[in-house]
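Listed here are the chains, written in short residue letters.
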Amino acid sequence: DPGALALALTASHVVHWAPEHLGARLAAGDELVTLGERTGDREIELHGRHWRIVDLLEHGMVAAADEEIALYERLAAEARLPAFSWYVPAWRAALSGYRGELAAAKRLAHEAHAQAGRVRDDNADPVLRSNLYTLHAAEEAWREIDIGYLRARIELSAGRSYRAYLALCLAELGDGDGARALLDEAVVEGLERMPRDANLLIGLQQLAEACAAVGHAECAAAVVPLLEPFADR
């Protein structure tokens, strides 16, 4: 049953989302693509290519991801599946932001959000926020970030990552005491307790930047060893 196998491969990708399992995720995505091609099921193939793009970007293989995005765009258009198509401008917004093409990044981010809203995808707002974070960081427009939104999410399951994000924002806004207090909390709790999921690397990176901004040596000493295994990302 191709559908059952596709579901199992997708589940495998999700449960292997810790950064040390990038190879397993790439393999699951490749298997989904192969399954979709073999059965002629465009939706299964698109799921596989979706995961492949995400994983290639995490690996830093931008040129390969660019090629996958172009292929994904063509397949989604041919299959007439707008629930997939909106990710194309979202990914291109992220890449434009990384390249410093900020006007294009902003336009594409809002274009993706509008398309996602039309298909009622729950990922619309989180993806827009992620793309706008890239823009705000590039422009050093930290006051544009909704601090209240971050504070309200510290108690959620992804709260440790939101705490790292908030610490960086406070440090960049000049609230050194507020940032240090959050870094103190992270050290006391133990950085190794951060969930090993899709938010881990960005959370550790934000903690590292916040440590550097306010001179928190103790937290930095705990963060660096956790980042070192992923220096190639």
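Details of the structure are given in the entry above.
In this report, we go over the structure that sits alongside the text. Keep in mind that what you see is a predicted model, and the values were worked out from it rather than measured. (Residues numbered from 1 in each chain as written. Predicted model: local features only at pLDDT ≥ 70, side-chain atom pairs only at ≥ 80, totals over all residues. Heavy atoms only, no water.)

1. What to know about the pattern of salt bridges
For clarity, the threshold we go by: What makes a salt bridge here is a side-chain nitrogen of Lys or Arg within 4 Å of a carboxyl oxygen of Asp or Glu, nothing more. For the purposes of this entry, the term helix denotes a DSSP run of H or I that reaches at least four residues, the term strand denotes a run of E that reaches at least two, and both are numbered from the N terminus. Here the term buried applies to any residue with accessible area under 20% of the maximum for its type, exposed to any over 50%, and partly exposed to those in between, with areas from a 1.4 Å probe on protein chains only.
The final tally for this structure, using the stated rule, is 19 salt bridges. With a closest N to O distance of 2.6 Å, Asp66 and Arg99 form a salt bridge. Remark: Arg99 occurs in the loop between helix 6 (87–98) and helix 7 (102–118) and Asp66 occurs in helix 4 (residues 62–79); sequence separation between them is 33 residues. Owing to a relative accessible area of 27%, Asp66 belongs among the partly exposed residues under this scheme. A salt bridge links Glu189 to Arg160, with the nearest nitrogen and oxygen atoms 2.7 Å apart.

2. Details of unusual backbone geometry
You will see that Arg80, though not glycine, has its phi angle at about 55°, which is positive. Along the polypeptide, Arg80 turns up in the loop between helix 4 and helix 5 (82–85). Assessed through its relative accessible area of 74%, Arg80 is described here as exposed. Even without glycine at this site, Glu140 takes up a positive phi of about 55°. Topologically, Glu140 is positioned in the loop between helix 8 (124–139) and helix 9 (147–152). A residue is classified by how much of its surface remains accessible, and Glu140, at 62% relative accessible area, is exposed.

3. Re the packing of aromatic side chains
This is how it is decided: Stacked, tilted and edge-to-face are the three classes assigned to paired rings of Phe, Tyr and Trp, where Trp is represented by its six-membered ring and a pair needs centres within 6.5 Å; plane angles under 30 degrees give stacked, over 60 edge-to-face, the rest tilted. A ring is considered to have a charge above it if a Lys NZ or an Arg CZ atom is located within 6 Å of its centre and within 35 degrees of its normal.
Using the criterion set out here, one finds seven aromatic pairs in the structure. Taking 6.2 Å as the distance between ring centres and 75° as the angle between the ring planes, the aromatic pair formed by Tyr149 and Tyr162 counts as edge-to-face. With Tyr149 in helix 9 and Tyr162 in helix 10 (residues 159–172), this pair connects stretches of sequence that are 13 residues apart. Aromatic ring contacts, followed pair by pair, group Tyr72, Phe84, Trp86, Tyr87 and Trp91 into a single cluster. Cation over ring: Arg129 sits above Tyr149, and NZ or CZ is 3.5 Å from the ring centre.

4. Re the layout of surface pockets
Cut-off, in case you're wondering: The pocket and cavity definitions rest on a 1 Å grid over protein atoms only: a 1.4 Å probe that fits but cannot leave marks a cavity, an open set with protein on both sides within 12 Å along at least five of seven lines marks a pocket, and residues lining either have an atom within 4 Å of a point. Grid points are joined across faces, edges and corners, and a volume is the space filled by probe spheres set on the points. Here the term charged refers only to Asp, Glu, Lys and Arg, the term nonpolar to Ala, Val, Leu, Ile, Met, Phe, Trp, Tyr, Cys and Pro, and the term polar to all other amino acids, Gly among them.
Considered as a void within the structure, the largest pocket measures approximately 2100 Å³ in volume. Lining the largest pocket are 50 residues, with Tyr98, Ser130, Ala198, Asn199 and Ile202 positioned closest to its centre. Looking at the lining of the largest pocket, the elements with two or more residues in it are helix 3 (42–59), helix 5, helix 6, helix 8, helix 9, helix 10 and helix 12 (200–214). The element contributing the most residues to the lining of the largest pocket is helix 8, with eleven residues. Here the lining of the largest pocket is composed, by residue class, of 30 nonpolar, eleven polar and nine charged.

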